[in-house]
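The lines below spell out each chain.
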Amino acid sequence: AKNSSLIQATMQNQSRTFLKQAQQVAEDVANKQADDTTFLQRLMDELKGNVAAVESRARATRSELTAQSQGAIAALERRVQEMEASTAQVQARSSKLESLTHRRVDFMVGQASKLLKGPQDRSWFSPSFSVAGFHGFELELRALRPDDPAGECQLLLWGAPGVHTA
């Protein structure tokens, strides 16, 4: 019976030790779990802060790029307008130089004889033209009355104010 009580006492002692060890392990696991949870929470908070910073920087970069591209587009549009104005000037000068060599102008009035037989005191105008470096000339063909002392028709040359021909 002594052995049995001794065995029973040893078993109780071992059970208490095992229970204390199990409680200690459970407590260590709970503490480790709490530490891990705290660590994970800090990581999540840091990650959220980093995501917010990246999103903020992306918005700022997008705004900067939009402003830069709008500025570049406006500069290009101004340059195109300048080039168009310059091209118009070159074309006008080229036309003026080209007109220096023109010494003859043809003005065709289709079916003129039939038109002259129609109502009298009618006029036909040529398109505007340049000649000898001067611009804005027009020819006018006038059908006159048969009894007009000037004849049946007149051909008149019209020019810009201040331009005289000899």
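Residues numbered from 1 in each chain as written. Predicted model: local features only at pLDDT ≥ 70, side-chain atom pairs only at ≥ 80, totals over all residues. Heavy atoms only, no water.

### Some points on the pattern of salt bridges
Part 1 of the argument: Scanning the model with the defined rule gives 4 salt bridges in all.
Part 2 of the argument: Residue Arg57 is joined to Glu64 by a salt bridge in which the shortest nitrogen-to-oxygen separation is 3.5 Å.
Part 3 of the argument: Since its relative accessible area comes to 49%, Arg57 is described here as partly exposed.
Part 4 of the argument: With its nearest N and O atoms 3.4 Å apart, the salt bridge here joins Arg79 to Glu82. Here Glu82 and Arg79 lie together in helix 1 (residues 2-100), a separation of 3 residues that amounts to about one turn. (Salt bridge = Lys/Arg side-chain N within 4 Å of Asp/Glu carboxyl O. Buried < 20%, exposed > 50% of the residue type's maximum accessible area, 1.4 Å probe, protein only. Helix = DSSP H or I, 4+ residues; strand = E, 2+ residues; numbered from the N terminus.)

### Considering the packing of aromatic side chains
Part 1 of the argument: For the coordinates displayed, the defined rule picks out 1 aromatic pair.
Part 2 of the argument: Ring geometry for Phe129 and Phe137: centres 6.0 Å apart, planes at 25 degrees, overall stacked. With respect to burial, Phe129 and Phe137 carry one shared label: buried. (Phe/Tyr/Trp six-rings, centres within 6.5 Å; stacked < 30°, edge-to-face > 60°.)

### Topic: the confidence of the model for the protein
Part 1 of the argument: Residues of the protein with pLDDT of at least 70 account for 90%, and the chain-wide mean is 84.
Part 2 of the argument: Put simply, helix 2 (residues 112-116) is where the protein has its lowest mean pLDDT, 66, and helix 1 is where it has its highest, 90. (pLDDT = per-residue confidence, 0-100.)

### Some points on the layout of surface pockets
Part 1 of the argument: Of the volumes computed, that of the largest pocket is approximately 150 Å³.
Part 2 of the argument: Val105, Phe129, Val131, Ala132, Phe134, Phe137, Leu139, Leu157, Val163, His164 and Thr165 together form the lining of the largest pocket.
Part 3 of the argument: Elements with a contribution of two residues or more to the lining of the largest pocket: strand 2 (129-131) and strand 3 (134-143). (1 Å grid on protein atoms, 1.4 Å probe; cavity = no way out; pocket = protein on both sides within 12 Å on 5 of 7 lines; lining within 4 Å. Points joined across faces, edges and corners; volume = space filled by probe spheres on them.)

### Digging into the environment of Met108
Part 1 of the argument: The residue Met108 is located in the loop between helix 1 and helix 2 in this model.
Part 2 of the argument: Judged by its relative accessible area of 75%, Met108 is exposed.
Part 3 of the argument: Placed 18 residues apart in sequence, Met108 and Ser126 show a C-alpha to C-alpha distance of 8.2 Å.

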